[in-house]
Amino acid sequence: MPLEGTAVPNTAARDRVRADLLATADLPYGGEAVDQLAHALQAGTLAVRAGARPPVVAAALLHDIGRSPGVTAELPEAPHERAGAAYCARLLGHEVGWLVGAHAKRALVTLEPDYAARLSPVSVRSLAAQGGPAAEAEVERFLRHPLAAEAMLVRRWDDEAKVAGAPTCTLDELLDIAGIR
Ligand SMILES: [Fe+2]
């Protein structure tokens with residue numbers, strides 16, 4: 001069920017999101033084997049394959065949108081998660097915004113010792129910059145949120161979406177499935 005305040009997607013949102021995603025083509029993804037756009041399309045496609053709800057597909061597709069130049073320009077001092085969360089909340093509603101800003105990696109590292117061992121070297125480095133594993137009280141607070149389980153799924157798709165040449169849905173297919181019309 002959509003949370004209170006969830007925006008009704010509209011054409012202006014679709015045009016903006018589409019342009020900001022396309023602007024990430026050829027942007028490197030911190031040394032991973034894919035560029036930012038391929039990473040976004042792969043994450044969104046994994047969400048579709050898992051049968052995720054439209055706002056969760058949107059969050060998977062847009063989880064790194066805070067790195068797109070037009071979004072960075074809006075909040076130049078903010079970490080990309082926070083810039084992306086503000087952008088998604090404004091254009092697509094609070095559910096997508098919360099999922100994009102959720103920091104589920106830090107909670108997962110605390111909850112599952114094996115999870116940290118499976119992170120890519122690039123992701124291990126960014127974990128340190130993000131504050132390292134979440135403290136227990138922070139994890140408890142996170143788990144009480146109604147979208148916590150879906151935020152952890154988005155994070156797992158994020159981790160898997162780094163395969164050079166992996167087949168994906170098209171951007172327009174993903175925007176349709178995510179309900180961004
Ligand atoms: Fe990512």
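Only a predicted model underlies this, so the values are computations on that prediction, with no experimental measurement involved.

### A word on the pattern of salt bridges
Under the criterion given, the structure shown has 14 salt bridges. Between Arg-14 and Asp-176 there is a salt bridge, and its shortest N-O distance comes to 2.8 Å. Here Arg-14 is found in helix α1 (residues 11–22), whereas its partner Asp-176 is found in helix α12 (residues 171–177), with 162 residues between them in sequence. Judged by relative accessible area, Arg-14 falls into the buried class, the value being 14%.

### Observations concerning the nonpolar core
Side chains of nonpolar character tend, in soluble globular proteins, to be buried together. Ranked by size, the top nonpolar core spans 51 residues in total, and within it Val-17, Leu-21, Leu-61, Leu-62, Leu-92 and Phe-142 carry the most contacts. Contact partners of Leu-61, with chain neighbours within four places excluded, come to Leu-21, Ala-40, Leu-41, Gly-44, Leu-171, Leu-174 and Leu-175.

### Let's talk about the UniProt feature "domain: HD" (unreviewed entry) in the protein chain
The feature "domain: HD" (unreviewed entry), as annotated in UniProt, sits at residues 38–158 in this numbering. Taken end to end, residues 38–158 has its terminal C-alpha atoms 11 Å apart, with 73% of it in helix and 0% in strand.

### Structural notes on the coordination of the iron ion
Ideal values differ by geometry: the angle at a metal is 109.5 degrees with four tetrahedral donors, but 90 or 180 degrees with six octahedral donors. Looking at the metal site, the iron ion is ligated by Tyr-29 (OH), His-39 (NE2), His-63 (NE2), Asp-64 (OD) and Asp-158 (OD), spaced 2.2 to 2.3 Å from it. Each donor residue of the iron ion belongs to the same chain, and together they define the spacing Y-x9-H-x23-H-D-x93-D. Of this pair, His-39 sits in helix α2 (residues 36–49) while Asp-158 sits in helix α11 (residues 148–160), and the two are 119 residues apart along the sequence. You'll find His-39 and Asp-158 in the same group, each marked buried.

### Brief notes about the environment of Ala-134
With respect to the helices and strands, the residue Ala-134 is situated in the loop between α9 (121–129) and α10 (136–144). The contacts of Ala-134, once residues within four sequence positions are left out, are Arg-106, Ala-107, Thr-110 and Val-139.

### Regarding the packing of helix α7 (residues 104–111) against α9
For the pair α7 and α9, interaxial distance at closest approach is 10 Å and the crossing angle is 100°. Taken as axis vectors, α7 and α9 run roughly perpendicular relative to one another. For the pair α7 and α9, the contacting residues are Lys-105, Arg-106 and Val-109 in the first and Ser-123, Ser-126 and Leu-127 in the second. The residue makeup of the contact of α7 with α9, split by class, is two nonpolar, two polar and two charged.

Conventions used here
Residues numbered from 1 in each chain as written. Predicted model: local features only at pLDDT ≥ 70, side-chain atom pairs only at ≥ 80, totals over all residues. Heavy atoms only, no water. Salt bridge = Lys/Arg side-chain N within 4 Å of Asp/Glu carboxyl O. Helix = DSSP H or I, 4+ residues; strand = E, 2+ residues; numbered from the N terminus. Buried < 20%, exposed > 50% of the residue type's maximum accessible area, 1.4 Å probe, protein only. Core = buried A, V, L, I, M, F, W, Y, C linked by side-chain atoms within 4.5 Å. Contact = heavy atoms within 4.5 Å. UniProt positions renumbered as here; feature names shortened; annotations may be inferred. Donors = N, O, S within 2.8 Å, 3.2 Å for Na, K, Ca; no water. Axes fitted to C-alpha atoms, helices over the stretch in contact; angles between N-to-C directions. Parallel < 35°, antiparallel > 145°, perpendicular 65-115°, else oblique. Nonpolar A, V, L, I, M, F, W, Y, C, P; charged D, E, K, R; others polar.

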